[in-house]
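# Structural description and commentary
These are the residues of each chain, in order.
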Amino acid sequence: MRATPSVRDNQVVMQTTIESKPFEQIEADALIVLVFEGKREGRFRAGELFDAGELTGKVQEFTLLHHPEGVAAARVLLAGAGKPEKFDSAELRRVAGGAVRYLKAKSVKRIALALDPGQTGAEYVSAAIEGAILGNYEPDRYKTGDDKKAADSFVVVAPVAPGLEAAVRRGQVLGEAQNFTRSLVNEPGNRLTPLKVVEAARQMASEFHLECEVLETAQMEALGMGALLGVAQGSAEPPALIVVRYRPETPGGATHLGLVGKGVTFDTGGISIKPADGMEKMKYDMAGGAAMLGAMQAIAQLRPPIAVTAFIPCVENMPGSRAQRPGDIVTAMSGKSIEVINTDAEGRLILADALTYARRQGCTHLVDAATLTGAIVVALAHLNVGLFANDDGMRDRVLAAAKSEGERMWAMPLEDDYKEYLKSAFADLANVGGRWGGAITAAIFLKEFAEDTPWVHLDIAGTAWIDEVKPYLAKGPSGVPVRTLVRLAMDWKD
Ligand code: BES
Ligand code: ZN
Ligand code: ZN
């Protein structure tokens, strides 16, 4: 049998550059030009279309002109960018993504985008490149047809200014890191087992000169990781705790940021088995872990001044004959005992031990990301990541990073009173908290293991997967919250 190439060997690469020539002189198969609502576009003989109402400038409206007059490019794509006062780098990211998707469907290969004067700063350049790379991605590796379409190159056209080359590189690094995360998340459970995540992590780490260490069952037993091992025991696939380390040449301070990501390669629910309907989606239950690997790939290249270590507990949650039962009591590495009321609440169990391990490894600040609860989808739908924090400063840092990166997050409550719901008659904690406030009680459970370390928990169950294709993004994994994590590290000040 022919070996399937690893996820990393299967990445589509798009060349990205910046050019400072007047846009009229740019040679490309298509040149994207932004059109704003309420601003009549008269160039390229588009005035007629505008007057007829065919061209309005609404967001994600695309109008393709062939052999446009006065430009060297073979086509001009007028890309609606919405109301000028609402336009920002996040909107540009989506417009660039939408335009690339529109063009690649027509087999256009060499694409350029002219930035509008006044919107040519580094944030805009990076966002345009990211959007293009994200839009160019298709989760089609298992389709065998020869009609796969992707653009080859993307040029941003903007006047020369200091820092723009770096902005191109940042956009490229971030776009590719997110696509790496997305391709991992999209792998099905039969092809991406915990040991395959290990392989992908090792390959990424060696490519980008990061240290990678993997704890296997025996080591986890020796460390007393009973919560993690309890989840793993129902599957024939062995678990792993992946540790990826980045160290700056000259540390800017004493901070050591730990990134902890849920890596359940498939979640059947275990003995508390999930309904069949929609269960296939549970291959994305490792999206938190995949986001940490994507973030580390970008961090390795952008080199923030702080130490960052990712911890990814990887397991498959299966109802095998050795599976843990409801009512089982496990002892976590921290020493706390847990009554497993519902084996489908497995994410918090593996994260409990990973958080404890991260603290013992010297992390001074922690962020975890996990597809943790259906309840967060009920609370925030698919628009916002649910953010929980035990420390206001840490919460504000992550919210600020998310805002700059256009990844929407919403702060949720985490008062101690909620701990009541996790009372167990027989152990220190129960792993579920009853019917109400499920995302909050899950976060309260994790808080017991973050202890006094400043920590943020991101529940990405509603945002890591896009059910309906967007004009700027394929259906499937979104890559959230890679950009926020990288920005958090890059902007860190002690
Ligand atoms: N992986 C799921 C959470 C999830 C649900 C992610 C929907 C994405 C979409 C998690 O392991 C789980 O099953 N949580 C349970 C917890 C419950 C048993 C307290 C849930 O949310 O139903
Ligand atoms: Zn579950
Ligand atoms: Zn799960």
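Throughout, a residue's number is its position along its own chain's written sequence, starting from 1. Lettering for chains starts from A, numbering for ligands starts from 1, and both go in the order in which the items are written. Owing to the predicted nature of the model, reporting of local features is limited to residues with pLDDT of at least 70; listing and counting of side-chain atom pairs is limited to 80 or more, with chain, interface and lining totals taken over all residues. Excluded from the side-chain calculations are hydrogens and water; all other atoms, namely the structure's heavy atoms, are used.

## With respect to the nonpolar core
- Take the buried Ala, Val, Leu, Ile, Met, Phe, Trp, Tyr and Cys residues and link them wherever side-chain atoms come within 4.5 Å; each set so joined is a nonpolar core. Throughout this description, buried means an accessible area under 20% of the type-specific maximum (1.4 Å probe, protein chains only), exposed means over 50%, and partly exposed covers the range between. Leu257, Leu259, Leu293, Met296, Val308, Val367 and Leu458 are the most contacted members of the largest nonpolar core, which has 65 residues in total.
- For helices the rule is a DSSP run of H or I covering at least 4 residues; for strands it is a run of E covering at least 2, with both sets numbered from the N terminus onward. If you tally residues by element for this core, the top one is helix H8 (residues 287–302), at 11 residues.
- The contact definition used throughout considers only heavy atoms, calling two residues in contact when any of these lie within 4.5 Å. Once residues within four sequence positions are removed from consideration, Leu259 is found in contact with Met292, Ala295, Met296, Ile299, Val308, Thr309, Ala310, Phe311, Val367 and Leu485.
- Among the nonpolar cores identified, the runner-up in size contains 49 residues, and Leu228, Ala354, Ile444 and Ala450 belong to it.

## What about empty space enclosed by the protein?
- Using a grid of 1 Å spacing that covers the protein atoms alone, one calls a set of points a cavity when a 1.4 Å probe fits there but cannot get out, and a pocket when the set is open and has protein on both sides within 12 Å along at least five of seven lines; lining residues are those with an atom within 4 Å of a point. Grid points are joined across faces, edges and corners, and a volume is the space filled by probe spheres set on the points. Summed over the entire model, instances satisfying the criterion amount to 2 cavities of 30 Å³ or more.
- Quantified by volume, the largest cavity comes out at close to 40 Å³.
- Lining of the largest cavity is provided by Arg93, Glu123, Ser126, Ala127, Glu130, Arg170, Glu405 and Arg487.
- Considering each element in turn, the lining of the largest cavity owes the most residues, 4 residues, to helix H3 (residues 122–135).
- Gly is placed with the polar residues, together with every amino acid not listed as nonpolar (Ala, Val, Leu, Ile, Met, Phe, Trp, Tyr, Cys and Pro) or charged (Asp, Glu, Lys and Arg). Classifying every residue of the lining of the largest cavity gives 1 nonpolar, 1 polar and 6 charged.
- Each pocket or cavity is described by its volume, and for the second largest cavity that value is around 30 Å³.
- In terms of lining, the second largest cavity is formed by Gly230, Val231, Gly234, Gly270, Ile271, Asn317, Met318, Ala323, Gln324 and Thr343.

## Regarding the domain arrangement of the protein
- Each domain of the protein was delimited in the assignment, giving domain 1 (12–158) and domain 2 (187–490).
- Marked domain ranges trace back to an automatic or database domain assignment. The straight-line distance from the C-alpha centre of domain 1 to that of domain 2 is 36 Å.
- Taken together, the contact between domain 1 and domain 2 spans 16 residues of the former and 15 residues of the latter.
- By convention in these notes, a salt bridge is any Lys or Arg side-chain nitrogen within 4 Å of a carboxyl oxygen on Asp or Glu. With a shortest N-O distance of 3.2 Å, Glu123 and Arg487 are connected by a salt bridge.

## A word on the layout of surface pockets
- As a volume, the largest pocket reaches approximately 1000 Å³.
- Around the largest pocket sit 35 residues that line it, and Arg94, Leu383, Gly406, Glu407 and Arg408 are the ones nearest its centre.
- For the lining of the largest pocket, the residue count by class is 12 nonpolar, 12 polar and 11 charged.
- By volume, the second largest pocket is sized at about 740 Å³.
- Around the second largest pocket, the lining comprises 34 residues; the ones closest to its centre are Arg348, Leu372, Thr373, Gly374 and Ala375.
- Elements supplying a minimum of two residues to the lining of the second largest pocket: helix H9 (347–360), helix H10 (375–380) and helix H12 (438–450).

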